[in-house]
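Observations on chain architecture
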Amino acid sequence: MGAEHGHQLHVHGDSPLHRMAAHHKVLLVVGFVLLIVATPAGTFWPYAVHATLLIGAVALSRVPPAYLARRMVVEVPFVVFALWLPFVATGPRMEVAGLSLSEAGLVAAGGLLAKGTLGVLTALLLAATTDVRDLLEGLRRLRMPAALVEIMGFMVRYLDVVGGELRRMRVALLSRGFDPRSPRHWPVLARALGALFVRSYERGERVHLAMVSRGYRPQASRR
Amino acid sequence: MGVPVLEVTSLAYAYPDGNQALFGVDLHVHRGERVALLGPNGAGKSTLVLHLNGILGAAARSGTAAGTVSVSGMPVEPTNLAEIRRRVGIVFQDPDDQLFMPTVRDDVAFGPGNLGLTPAEVEARVHEALEAVGMSEYAGRPPHHLSFGQRRRVAVATVLAMRPEILVLDEPSSNLDPASRRELAEILTALDVTILMVTHDLPYAMQLCERSVVLSGGVIVADGPTRELLSNAPLMATHRLELPFGFDPTRV
């Protein structure tokens, strides 16, 4: 069984950033990300300002930078796309190390990389300094519809359970000679994922049953 | 004996797909009793349990139902489902189905919260219920960090917090190690509440319940002292009930 404690993005700590109210943090993050996205590509200095602010916040949070760096892997698909842009974009071209690259593409790629990296880092910092429970409570305080907050709560709660089921299915498959790398076995993988979906769906029904048995009425407003 | 806590009369039920699960069940449980509901797989035990709080049956307007269920004199009807669900506390088999809140405290508070109690009353109920299952010190922990046995105990607390008149347990001893199984037995015997326990664990039924009923093929086929039923070899064999190797009910 998995023994990971807490949700995996959260780093325990007691910095001013950890102590800040969750709903303030959410507002700050959303505002900052909007600011980053609205910054035009092609100028350098605004990004330097954003980055300096963000690095200051990371230092303040005392979250290990190496930890954040490892989590940045999530950005890789965007990086690949950004690297692809200078080759495929149209417009005037320039020679860089013997390669013919589009100028517009280079600018767009630079902007995309800068915006993506800053945005992901901001979100990671929020996740690292905020416990999920506080985050949900913060969203509730920001008047996010109760149903959405509840759904997010369920997701957090059952991620581990469904993850555990997936791990057990994988072990059971491997024990019977399943090779995930062989394309011959990919249909099995698809069927296993299908089975996982059905199981999760059925669990959802059982959870609902258990809730109704304790007097839950979805239409009644809670709190 | 007064009004029974649980009174099931000629209860029959067929699922919407036409599959009939219950063929006229009669069952009375009186205050303070601990009754084991035994029966092979597919006997209709779960179907019966879901009728007790109106999840299935006439009150839920699902399938075809006949007969009545009442809890302390109150019939299970669509108009009083909220009160029925307070009176009948069902502990489901998989605690992961029952515990879905971020902390143990929130989970135990869920039922009382649905009853419309004040926050202070809810807090008192949570405290009382966790105390009863010996899990008070875990109130602030997320349920998925607890051991399986601890989660089962919290699941019992989530239902106790509603102060039910009858506690219905579905396979309470399944997947527990022997120590957790014994601890749960100690907790259940210490509770001052009427219990109906669905189980395949016959020694557990004998340890906890003086009386047992056997449900087989959608009807109650036997009802009597647990020791007598378990010692009745022909009855046991007919209804696919088997004692664990080496267990002799006459010598416990």
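Note that the structure is predicted; figures quoted are calculated from it, not measured. (Residues numbered from 1 in each chain as written. Chains lettered and ligands numbered in written order. Predicted model: local features only at pLDDT ≥ 70, side-chain atom pairs only at ≥ 80, totals over all residues. Heavy atoms only, no water.)

Turning our eyes to something else, we now look at the sheet that holds strand β10 (residues 219-225) of chain B. All names here are of chain B. Taken together, the six strands give an open sheet; going across it, the order is β6-β7-β8-β3-β9-β10, and neighbouring strands pair in mixed fashion. Of all strands in the sheet, those bounded by a partner on one side alone are β6 (88-91) and β10. With direction set aside, neighbouring strand axes in the sheet form an average angle of 20 degrees. When strand β3 (residues 34-38) meets strand β9 (residues 211-216), the two strands line up parallel, connected through four bridges. Opposite A36, over in β9, you have S212 as the bridge partner. Helix-sheet contacts for helix α6 (residues 148-160) involve β6 and β7 (166-170), and the interaxial angle to β6 is about 165 degrees. (Pairing = 2+ DSSP bridges. Helix = DSSP H or I, 4+ residues; strand = E, 2+ residues; numbered from the N terminus. Axes fitted to C-alpha atoms, helices over the stretch in contact; angles between N-to-C directions. Contact = heavy atoms within 4.5 Å.)

Before going further, it helps to examine a nonpolar patch on the surface. Residues and elements named next belong to chain A. Residues F81, W84, F87, V88, L99 and L112 make up a contiguous nonpolar surface patch of about 590 Å² in total accessible area. If you tally residues by element for the nonpolar patch, the top one is helix α5 (residues 76-88), at four residues. When you line up the elements, L99 lands in strand β2 (residues 99-102). (Patch = residues over 30% accessible without salt bridge, like charges linked within 9 Å, V, L, I, M, F, W, Y side chains within 5 Å. Areas by Shrake-Rupley, 256 points an atom, 1.4 Å probe, with all protein chains shown as cover. Salt bridge = Lys/Arg side-chain N within 4 Å of Asp/Glu carboxyl O.)

Ranked by size, the top nonpolar core spans 47 residues in total, and within it L38, V108, L130, V156, L167, L169 and L188 of chain B carry the most contacts. Among the elements that line this core, the one with the most residues is α6 of chain B, at six residues. Residues contacting L38 of chain B, with those up to four places away along its chain left out, are K45, T199, L202, A205, S212, V213, V214, L215, L230 and L241 of chain B. With 35 residues, the next largest nonpolar core counts V212 of chain A together with L6, A59 and I90 of chain B among its residues. (Core = buried A, V, L, I, M, F, W, Y, C linked by side-chain atoms within 4.5 Å. Buried < 20%, exposed > 50% of the residue type's maximum accessible area, 1.4 Å probe, protein only.)

With that out of the way, let us pick up the interface of chain A and chain B. Listed by partner, the interface residues are 22 residues for chain A and 24 residues for chain B. The contact between chain A and chain B buries some 2,300 Å² in all, and 54% of this surface belongs to carbon and sulfur atoms. Area buried by chain A at its contact with chain B is led by R157, S213 and R214 of chain A, which between them contribute 36% of it. Linking chain A to chain B there are five salt bridges. For the side of chain A that touches chain B, the secondary structure elements donating two or more residues are α8 (146-175) and α9 (186-213) of chain A. For the side of chain A that touches chain B, the leading source of residues is α9 of chain A, giving eight residues. Grouping the amino acids of the side of chain A that touches chain B by side-chain chemistry returns nine nonpolar, four polar and nine charged. (Buried area = accessible area lost by both parts, 1.4 Å probe. Nonpolar A, V, L, I, M, F, W, Y, C, P; charged D, E, K, R; others polar.)

Moving on, we get to the pattern of salt bridges. Should their charged atoms come close, side chains of opposite charge can pair. Inspection of every chain in the model, using the stated rule, returns 19 salt bridges over all chains. Between D131 of chain A and R133 of chain A there is a salt bridge whose closest N-O contact spans 3.8 Å. The partner of R182 of chain B in a salt bridge is E186 of chain B, with the nearest N and O atoms 3.0 Å apart. Pair noted here: R182 of chain B and E186 of chain B are both in helix α7 (residues 178-190), with a separation of four residues, about one helical turn. Of the residues examined, E186 of chain B reaches a relative accessible area of 44% and is grouped as partly exposed. Each of the salt bridges in this network shares a partner with another, and the network as a whole consists of E165, R203 and R206 of chain A together with D94 and D97 of chain B.

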